[in-house]
Amino acid sequence: MMTTAYDVVVIGSGPGGYVAAIRAGQLGLKTAIVEKDDRFGGTCLLRGCIPTKSMLESASLADHARHADDFGVNVGDVSIDIGKVLKRKDRVIKANAGGVAFLLKKNKVTTYRGFGALKGVGKVTVTTDDGVAELSAKHIILATG
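Residues numbered from 1 in each chain as written. Predicted model: local features only at pLDDT ≥ 70, side-chain atom pairs only at ≥ 80, totals over all residues. Heavy atoms only, no water.

A.B. asks: What am I meant to see in the packing of helix 1 (residues 15-26) against helix 4 (residues 82-106) here?
C.D. replies: The relative placement of two packed helices is expressed as an angle between their axes plus a distance between the axes. Remark: helix 1 packs on helix 4, axes separated minimally by 9 Å, with the N-to-C direction vectors making an angle of 25 degrees. Judged on the interaxial angle alone, helix 4 and helix 1 are roughly parallel. In this structure, the crossing between helix 1 and helix 4 has a hand that is left-handed. Residues Tyr18, Ala21 and Ile22 of helix 1 lie in contact with helix 4, whose contacting residues are Val100, Leu103 and Leu104. Grouping the amino acids of the contact of helix 1 with helix 4 by side-chain chemistry returns six nonpolar, no polar and no charged. (Axes fitted to C-alpha atoms, helices over the stretch in contact; angles between N-to-C directions. Helix = DSSP H or I, 4+ residues; strand = E, 2+ residues; numbered from the N terminus. Parallel < 35°, antiparallel > 145°, perpendicular 65-115°, else oblique. Left-handed = near helix turned anticlockwise from the far one by under 90°. Contact = heavy atoms within 4.5 Å. Nonpolar A, V, L, I, M, F, W, Y, C, P; charged D, E, K, R; others polar.)

Here it is, written out as structure tokens:
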């Protein structure tokens, strides 16, 4: 198995990981990031904070509309179309994950999709459906949440 050498390898592409990888790339370091999900952004972006905030915004808007009469605004009956709420949430996630991927590419960060694991000092393996890649690095950042 051939080993690819980097200055920095980041395991995890959540807010801590992608920011660290982008900054390392901006500083001219040969950088790689490893992510087990099919998109970048980690739990916060893909399943946690961002999706929750998107759905809460829809609920808040419905609540404001229900109380619009208090402000002299007539809007009629207010209902929530959960299908549209979920579609909007998915669009928000897609746009943000795409933005993270763009910034990684723009800053010359090599991306690996797979499960990253430490394998000794300065060694990381990435297990994918296609096999195992071995990376070496002077610095390894564990940003797994």
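Moving on from the coordinates now.
A.B. asks: Looking at this model, I keep getting lost on the pairing of strand 4 (residues 115-118). Mind explaining?
C.D. replies: Residues in a regular strand point their side chains to alternate faces of the sheet. Direction of pairing for strand 4 relative to strand 5 (residues 123-128): antiparallel, over a ladder of four bridges. Looking at the pairing, Phe115 lines up with Thr127 of strand 5. (Pairing = 2+ DSSP bridges.)

A.B. asks: Could you clarify how one ought to interpret the packing of aromatic side chains in this entry?
C.D. replies: The geometry of an aromatic ring pair is captured by two quantities: the separation of the ring centres and the angle between the planes. Under the defined criterion, the tally for this structure stands at one aromatic pair. When the ring centre of Tyr6 is taken as reference, the NZ or CZ atom of Lys30 above it lies at 5.1 Å. (Phe/Tyr/Trp six-rings, centres within 6.5 Å; stacked < 30°, edge-to-face > 60°. Lys NZ or Arg CZ within 6 Å of the ring centre and 35° of its normal.)

A.B. asks: What is the right way to look at helix 1 in this model?
C.D. replies: Side chains three or four residues apart in an α-helix point the same way, a direct result of the helix having 3.6 residues per turn. Over its twelve residues, helix 1 runs 16 Å from end to end, which matches the ideal 16 Å to within 8%, given 1.5 Å per residue. For helix 1, the full list of buried residues reads Gly17, Ala21, Ile22, Ala24 and Gly25. Viewed along the axis of helix 1, the buried residues span an arc of 160 degrees, placing them on a single side of the element. Check the buried side of helix 1 and you find it contacts strand 1 (3-11), strand 2 (31-35), helix 4 and strand 3 (109-113). Backbone geometry just after helix 1 places Gly28 at a positive phi near 85 degrees. (Expected span 1.5 Å × (residues − 1). Buried < 20%, exposed > 50% of the residue type's maximum accessible area, 1.4 Å probe, protein only. Arc of directions from axis to C-beta.)

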